[in-house]
Amino acid sequence: MGWLTKIFKGSSHRISESEYNSKHVDNRLWEEPSTNLEVYAQNENEDIDRAIALSLLEEEDRKARAKEKNLHLEEDEQLARALQESLNVEPPPLQNGNSYHPFPFVYSSGYRICGGCHNEIGHGRFLNFMGAVWHPNCFKCHACHQPIFDYEFSMSGNQPYHKMCYKEQYHPKCDVCKQFIPTGANGLIEYRAHPFWLQKYCPSHEMDRTPRCCSCERMEPRDTKYVKLDDGRKICLECLDSAIMDTSECQPLYLDIQEFYEGLNMRVAQKVPLLLVERQALNDAMEGEKHGHHHLPETRGLCLSEEQTISTILRKPRIGAGNRVMEPLTEPFRLTRRCEVTAILILYGLPRLLTGSILAHEMMHAWLRLNGFRTLRPDVEEGICQVLAHMWIESEIVAGSASTSVASTSASSSSATSSKKGKRSQFERKLGEFFKHQIESDTSAAYGDGFRAGNRAVRQYGIKSTLEHIRMTGSFPY
């Protein structure tokens, strides 16, 4: 604008000078120079208009160049940020559940088809991942079906998940505390699981005194309260549903097992008293037995051969405050020795199938003594007793399954448990499988190895030939 300023100054200066001279001449002298001045002024005005137009064009051109420069700077900054983010992204591992980092949003500059909606991606942001491009709103979690805008997400197979959705879907939860099982110091998820029920729980629950059901051995969940028996044992409500709580209630089951033995041509000739007792009474009787045979490391059954006075449960206890079994009515029972066996004792409060398997085991002890078998090695005697318990449970499972199949065709079928072989609830059938599994997987030398040796012999030679071989040799046939 320097040149324009100078023109304005000269022009201004010339105009003011002519005005000054016009005041000192007469009218005649003014006319002639006036004509020349008008021509000059007209030319000068054209120069001024041309200068103003050129100045405005230059100003508009400068603004356009500045705007274009700012636009390029902004695009360069965005590109630089995108490049920087892509440089900071590490290649994700191709394993389920790990965090993935998608490529950052960039701007489309060509014909692209969205991997979600399968429509064209125009000029705008899109996501490049797994060999496809996506509209930001089309890249969705496979669980909640909401768009994934997080910088990190998880994959299962070829399906993306929000990290929390993946955790809810696949991260194991503890069946006891209902929380996600924590990750260990090594970055791995470690938990314990029951070998039969597959109940998953945090390792810490093995040390925080979380109780187990005395029947099915499942840990007590935080949202479920077990019933506490008066001797300190806890039993879950499902096992309690078929539990036998007093001596009179156990008599029909006793008759069932006697019939089972008779079906094997192994009738027990003498009438042996059966008593349901508390844990302390069972332990006291075991201490008074010179040649006692007890079932499993925790005594739950006993075949007595000595004269004793036993406190038996005469009437089932009631369930009081805090789900606690209270006030069982007991009475002393004097055992008199009339034969080699004085009584069979069973721990009260166990489900029918567990009570029956213990009773079948103890009745085999009684049968061996009443039929003159000499003192046998623990693995032989306990092993053959476990074989009979296993055979009885198998017969109950088969009978329960058959009766359930028949009952399912009737509209009046019920899941109630009967004292005879009959209708079984789904859980009771599962419980029978568990007790059978316990016998088969026992690791002890007497009960476990003895059972497996006796079971092989019975399956190969039959129960009668196996017992004759035991009578003559004191061992199982091979």
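Residues numbered from 1 in each chain as written. Predicted model: local features only at pLDDT ≥ 70, side-chain atom pairs only at ≥ 80, totals over all residues. Heavy atoms only, no water.

Undergrad: Would you explain the overall build of the chain in this entry?
TA: What the chain contains, in helices and strands, is eleven helices and 22 strands. When each of the 478 residues of the chain is scored for burial, the buried share is 40%. Restricting to contacts in the chain with at least 6 residues of sequence separation, those with at least 24 account for 56%. Split by element, the accessible area of the chain, about 27,500 Å² in all, is 52% carbon and sulfur. (Helix = DSSP H or I, 4+ residues; strand = E, 2+ residues; numbered from the N terminus. Buried < 20%, exposed > 50% of the residue type's maximum accessible area, 1.4 Å probe, protein only. Contact = heavy atoms within 4.5 Å. Areas by Shrake-Rupley, 256 points an atom, 1.4 Å probe, with all protein chains shown as cover.)

Undergrad: Looking at this structure, I do not really get helix α7 (residues 352-370). What am I missing?
TA: Along an α-helix, a turn takes 3.6 residues, which lines up residues three or four apart on a common side. Between its first and last C-alpha atoms α7 spans 26 Å; for 19 residues at 1.5 Å apiece the expected length is 27 Å, and the two agree. Positioned one or two residues after α7, Gly-372 has a phi angle of 75°, which is positive. (Expected span 1.5 Å × (residues − 1).)

Undergrad: What's the story with the nonpolar core in this structure? I'm lost.
TA: Side chains that are nonpolar tend, in soluble globular proteins, to be buried together. Ile-235, Leu-345, Met-364, Leu-368, Ile-384 and Leu-467 are the most contacted members of the largest nonpolar core, which has 77 residues in total. Not counting chain neighbours up to four residues away, the residues in contact with Leu-368 comprise Phe-373, Leu-376, Glu-381, Ile-384, Cys-385 and Leu-467. Core analysis: the second largest hydrophobic core is formed by 15 residues, Cys-114, Leu-127, Val-133 and Cys-141 among them. (Core = buried A, V, L, I, M, F, W, Y, C linked by side-chain atoms within 4.5 Å.)

Undergrad: Help me understand the pattern of salt bridges in this model?
TA: Pairing between side chains of opposite charge can happen when the charged atoms of each approach one another. Tallied over the full model, the rule gives 13 salt bridges. One salt bridge connects Glu-262 with Arg-267, and the closest N-O pair in it is separated by 3.8 Å. On the basis of relative accessible area, Glu-262 is assigned to the partly exposed category, the value being 40%. With a closest N to O distance of 3.0 Å, Asp-449 and Arg-452 form a salt bridge. Taken as a pair, Asp-449 and Arg-452 lie in helix α10 (residues 445-461) at a separation of three residues, close to a single helical turn. (Salt bridge = Lys/Arg side-chain N within 4 Å of Asp/Glu carboxyl O.)

Undergrad: Whenever I open this one, the pairing of strand β5 (residues 125-129) confuses me. Can you help?
TA: Both β5 and strand β6 (residues 132-134) contribute to a ladder of three bridges, which runs antiparallel. Looking at β6, one finds that Phe-129 is bridged to Ala-132. (Pairing = 2+ DSSP bridges.)

Undergrad: Hey, could you run me through the side chain of Arg-233 in this one?
TA: Inspection of the secondary structure assignment puts Arg-233 in the loop between β11 (227-228) and β12 (234-235). Of the polar contacts made by the side chain of Arg-233, one reaches the side chain of Asp-231; its length is 2.9 Å. Here Arg-233 is in contact with Cys-214, Val-227, Lys-228, Arg-279, Glu-298, Leu-347, Tyr-348 and Leu-350, once residues within four sequence places are set aside. (Polar contact = N/O pair within 3.5 Å; in protein donor to acceptor, adjacent residues only side chain to side chain.)

Undergrad: When you look at the packing of α7 against helix α9 (residues 426-441) in this model, what are you seeing that I'm missing?
TA: For any two helices packed against each other, the geometry comes down to the angle between their axes and how far apart the axes lie. Axis separation between α7 and α9 bottoms out at 9 Å; the angle between their running directions is 35°. Where α7 crosses over α9, the handedness of that crossing is right-handed. Of the residues in α9, those touching α7 at Arg-352, Leu-353 and Leu-354 are Glu-428, Gly-432 and Phe-435. (Axes fitted to C-alpha atoms, helices over the stretch in contact; angles between N-to-C directions. Left-handed = near helix turned anticlockwise from the far one by under 90°.)

So far we have only geometry, and geometry alone does not tell us how the molecule works.
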